[in-house]
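Inside the fold
Chain residues, written in single-letter form:
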Amino acid sequence: MKRGVLLDRDGVINRMVYDAEHGTVDSPANPEQFELLPGAAAAVHSLNHWGLPVAVVSNQPGVAKGKMTLALQEAITSKMHAELAAAGAHLDGVYYCLHHPDAALPEYRIRCECRKPRPGLLLRAADELGISLADSWMIGDGWIDVQAGQAAGCMTMWLGTWKCDVCHIARDKDATPTLVAADLAEAVRMIAERINLAQA
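1. What about a nonpolar patch on the surface?
- On the surface, Met16, Tyr18 and Val25 cluster together into a nonpolar patch covering about 320 Å² of accessible area.
- Mapped onto the elements of the fold, Met16 is located in the loop between strand 1 (5–7) and strand 2 (17–19).
- Given a relative accessible area of 35%, Met16 falls into the partly exposed group.

2. Focus: the pairing of strand 6 (residues 137–140)
- Side chains of strand 6 alternate between two faces, with Trp137 and Ile139 and Met138 and Gly140 buried alike.
- Bridge count for strand 1 against strand 6 is three bridges, and the pairing is parallel. Pairing of Leu6 across the sheet is with Met138, part of strand 6.
- Remark: the strand 6/helix 4 (residues 143–152)/strand 7 (residues 155–159) crossover connection has right-handed handedness.

3. Considerations on the packing of helix 1 (residues 40–49) against helix 6 (residues 184–194)
- Between helix 1 and helix 6, the least distance of the axes is 8 Å, while the angle of their chain directions is 20°. If you check the angle between helix 1 and helix 6, you find them roughly parallel. Crossing of helix 1 against helix 6: the hand is left-handed. Along its contact with helix 1, which presents Ala40, Ala43, Val44, Ser46 and Leu47, the element helix 6 presents Leu184, Ala185 and Val188.
- The residue makeup of the contact of helix 1 with helix 6, split by class, is seven nonpolar, one polar and no charged.

4. Some words on the side chain of Asn14
- Along the chain, Asn14 turns up in the loop between strand 1 and strand 2.
- Within the structure, the side chain of Asn14 is placed 3.0 Å from the side chain of Asp10, a separation counted as a polar contact.
- Those residues in contact with Asn14, other than ones at most four positions away along the chain, are Arg9, Pro28, Phe34, Glu35, Leu36 and Leu37.

Cut-offs applied
Residues numbered from 1 in each chain as written. Predicted model: local features only at pLDDT ≥ 70, side-chain atom pairs only at ≥ 80, totals over all residues. Heavy atoms only, no water. Patch = residues over 30% accessible without salt bridge, like charges linked within 9 Å, V, L, I, M, F, W, Y side chains within 5 Å. Areas by Shrake-Rupley, 256 points an atom, 1.4 Å probe, with all protein chains shown as cover. Salt bridge = Lys/Arg side-chain N within 4 Å of Asp/Glu carboxyl O. Helix = DSSP H or I, 4+ residues; strand = E, 2+ residues; numbered from the N terminus. Buried < 20%, exposed > 50% of the residue type's maximum accessible area, 1.4 Å probe, protein only. Pairing = 2+ DSSP bridges. Right-handed = clockwise from strand over helix to strand, strands pointing away. Axes fitted to C-alpha atoms, helices over the stretch in contact; angles between N-to-C directions. Parallel < 35°, antiparallel > 145°, perpendicular 65-115°, else oblique. Left-handed = near helix turned anticlockwise from the far one by under 90°. Contact = heavy atoms within 4.5 Å. Nonpolar A, V, L, I, M, F, W, Y, C, P; charged D, E, K, R; others polar. Polar contact = N/O pair within 3.5 Å; in protein donor to acceptor, adjacent residues only side chain to side chain.

Shown next, in the form of structure tokens:
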């Protein structure tokens, strides 16, 4: 069994999308809205170079909520693969939870084990990729990412700026991460330092 890195998608690999009409920030709803964050592809490339399996584990309820079609969801994923490939990077797996307990579409309206903070997606990724979760990292920009990582037995990394109010929230949610990083690029550098990988 080997160590690996599991990533949330939106806000970690790609930008969130601002909807001016509704004043909300959400996942991209079509390929045109998908845009890699600066440094994300290079960070994934470094993990590839070091031989660490990298997978996305992400709640994606847009189809369930009627905000997009499954075809659009697949097109977004294809664009993610293509943009990473253009930078010499690749993902070893992409695992989505498409369900939501309040889904508009009945076939997706279930309380599943794969929706983070439950660990189902992480367990599936570990099984299919042959990784040891105890030696692996879950990286995300939300508390549910930390909680899912903890539930799966991973080390966890939260992306953001650690301020006093943030640490109180983390404590209240019992979701204090192993480490905190500003972005994916810094997270990967910190992992490399932890496991003595040569920077490249």
